[in-house]
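# Summary of structural features
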Amino acid sequence: MNGNQDLLQRSLQAVWHPCTQMKHHERTPLLPIARGEGAWLFDSDGKGYLDAVSSWWVNLFGHNQPAIKDAIKAQLDQLEHVMLAGFTHAPVVELSEKLSALTDLGHAFYGSDGASATEIALKMSFHYWRNHGQPHKTRFISLQNSYHGETLGALGVTDVAIFKDTYAPLICQSAQMPSPDSRLAEAGESAEAYALRCAEALEAYVAEHHAELAAFIIEPLVQGAAGMAMYHPLYLRRAREVCSRYAVHLIADEIAVGFGRTGTLFACEQAGGKVSDIADFICLSKGITGGYLPLSAVLTSDQVYQAFYHEQTGKGFLHSHSYTGNPLACSAALATLALFESSDVLGRNQQTAQQLWAAVQAYDLPLQHIRQRGMITAFEVDSGNPHFARDCYAAALRHGLLLRPIGNTVYWMPPYCLEAAEIDHLLQATKTTILETLACS
Ligand SMILES: *Cc1c(COP(=O)(O)O)cnc(C)c1O
């Protein structure tokens, strides 16, 4: 047994891998990754894989990114961690000020991962209404096929059966509004007209139930885990109007779409104006540290903050996580934001996206619903293979590419550092992979 196989064996014994039926690893081997560089991951034999999914959507500027790495190293020499109750430190203050300036939501609360940000936003909204003398506003709504994380509270507003159904008895259920996913439009109906129709359905529901509704939580522009479902920005504007009219909070879950992923720094901006014009709360995580360290943040308005500001302890937001505002993670986030400031990241991404768009249009493959929003490109492959995702994933790895299809949906969500040769590799390897996968179905 070589060293590699030994590691795989030990991993299967000792590590319970996420989002995985472990028994399937009897036939699909794990892939041991030894190092990363730019858009590439390298296994212990030195074979490279282009990371077309940014390692579960977290990596923005590539692996082994010098500026982020240096920032973490410098912070390591100062302070690795201190609890944030009763204490503060420069990285968390600077990060909060920067995020506040970028979103116009002036109060930042921190967690360690996306699901904890969802929990924080839901609890804050509920608690706001309670402090505000409207304790009957206790329910949440979300979109059909929404994904907001997998802790019990977050599952309550998530609508993906495979993650949720088993735990139904443990979950506080919420109502789902029709998804503006433009694939669901009627023949001949524009994405915009369909979005408006969904907004009307939202309004009808909210008009009837607003007395018990605390918040509407939504993934702006792209429902990621639903299979990169994209919709018209007008929906967000209408949703904001509905929420304002009926005094319901709007929680923007930009955990996946924040930090330039959809073409603007935050997806909400595409509905016109600042984040605060759309959202009462924004949840951020994933790309916030460039994919280096776990960190999440919930930003909210002064109005929400003031409802908690009181002599009475219990009116305060007493939520906490041990690693809240970790200085190393905050320094990685500051370095990530500095990369957006020091070069025209969004402009460069626009060019990359245009190249991907042109190339995917020219593919001679049975594809449907080719769509793109900034640095997310997706399409369905017309394949009768019930194991399409699994087979496509395995074929892609053979061709030096990390793809992780969702059902028949193949998507690219690459780091922002792709060079011309890497774009070529992505396009060529994806095409070969799909042809091969179609042939084996
Ligand atoms: C990934 C994701 C989450 C959950 O984040 P975790 O860090 O995996 O807990 C929540 N919402 C959206 C939209 C996501 O994509």
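Conventions adopted
- Residues numbered from 1 in each chain as written.
- Predicted model: local features only at pLDDT ≥ 70, side-chain atom pairs only at ≥ 80, totals over all residues.
- Heavy atoms only, no water.
- UniProt positions renumbered as here; feature names shortened; annotations may be inferred.
- Helix = DSSP H or I, 4+ residues; strand = E, 2+ residues; numbered from the N terminus.
- Contact = heavy atoms within 4.5 Å.
- Buried < 20%, exposed > 50% of the residue type's maximum accessible area, 1.4 Å probe, protein only.
- Pairing = 2+ DSSP bridges.
- Axes fitted to C-alpha atoms, helices over the stretch in contact; angles between N-to-C directions.
- Phe/Tyr/Trp six-rings, centres within 6.5 Å; stacked < 30°, edge-to-face > 60°.

The chain goes by Adenosylmethionine-8-amino-7-oxononanoate aminotransferase in an unreviewed UniProt entry, where it is assigned to Methylophilus luteus. The UniProt entry for the chain carries this comment under Pathway (unreviewed entry): "Cofactor biosynthesis; biotin biosynthesis; 7,8-diaminononanoate from 8-amino-7-oxononanoate (SAM route): step 1/1." Annotation of the chain in UniProt includes, under Catalytic activity (unreviewed entry), the sentence "(8S)-8-amino-7-oxononanoate + S-adenosyl-L-methionine = S-adenosyl-4-methylsulfanyl-2-oxobutanoate + (7R,8S)-7,8-diammoniononanoate".

Here we take up the UniProt feature "binding site: pyridoxal 5'-phosphate" (unreviewed entry) in the chain. Per the UniProt record, "binding site: pyridoxal 5'-phosphate" (unreviewed entry) is annotated on Gly114, Ala115, Asp253, His321 and Ser322. Spanning 209 residues, the named residues do not form one spatial group; their C-alpha atoms are separated by as much as 22.5 Å. Relative to the helices and strands, glycine 114 is located in helix H5 (residues 114-131). Apart from the residues lying within four places of it in its own chain, the contact partners of glycine 114 are Ile255, Ser285 and Ser296. Tracing the sequence through the fold places serine 322 in the loop between helix H11 (302-306) and helix H12 (327-342).

With that settled, consider the environment of methionine 177. On the secondary structure map, methionine 177 appears in strand S6 (residues 175-177). With relative accessibility at 2%, the residue methionine 177 sits in the buried group. Taking the C-alpha atoms as reference, methionine 177 lies 6.0 Å from leucine 202; in sequence the two are 25 residues apart. In this structure, methionine 177 is in contact with Ile141, Ser142, Leu143, Gln144, Leu202, Tyr205 and Phe216, ignoring residues within four places of it in sequence.

A few words on the sheet that holds strand S14 (residues 376-381). Here we have three strands laid out as an open sheet, ordered S13-S14-S16, and antiparallel in their pairing. This sheet does not close on itself; its edge strands, each paired only once, are strand S13 (367-373) and strand S16 (409-412). The sheet shows a mean angle of 15° between the axes of neighbouring strands, taken without regard to direction. Direction of pairing for S13 relative to S14: antiparallel, over a ladder of five bridges. Bridge pairing in S14 links arginine 373 to isoleucine 376.

Moving on, we come to the sheet that holds strand S15 (residues 401-402). Read across the open sheet, the four strands follow the order S1-S2-S3-S15; overall the sheet is mixed. The open sheet is flanked by strand S1 (33-37) and S15, the only strands paired with a single partner. Bridge analysis of S1 against strand S2 (residues 40-43) gives four bridges, and the strand direction is antiparallel. Looking at the pairing, isoleucine 33 lines up with aspartate 43 of S2.

A separate point is the packing of aromatic side chains. Scanning the model with the defined rule gives 13 aromatic pairs in all. For the pair tyrosine 231 and tyrosine 235, a centre-to-centre distance of 5.7 Å together with 80° between the ring planes defines the contact as edge-to-face. Aromatic pair phenylalanine 379 and tryptophan 412: ring centres 5.9 Å apart, planes at 85°, arrangement edge-to-face. You can see phenylalanine 379 sitting in strand S14 and its partner tryptophan 412 sitting in strand S16, a full 33 residues away along the chain.

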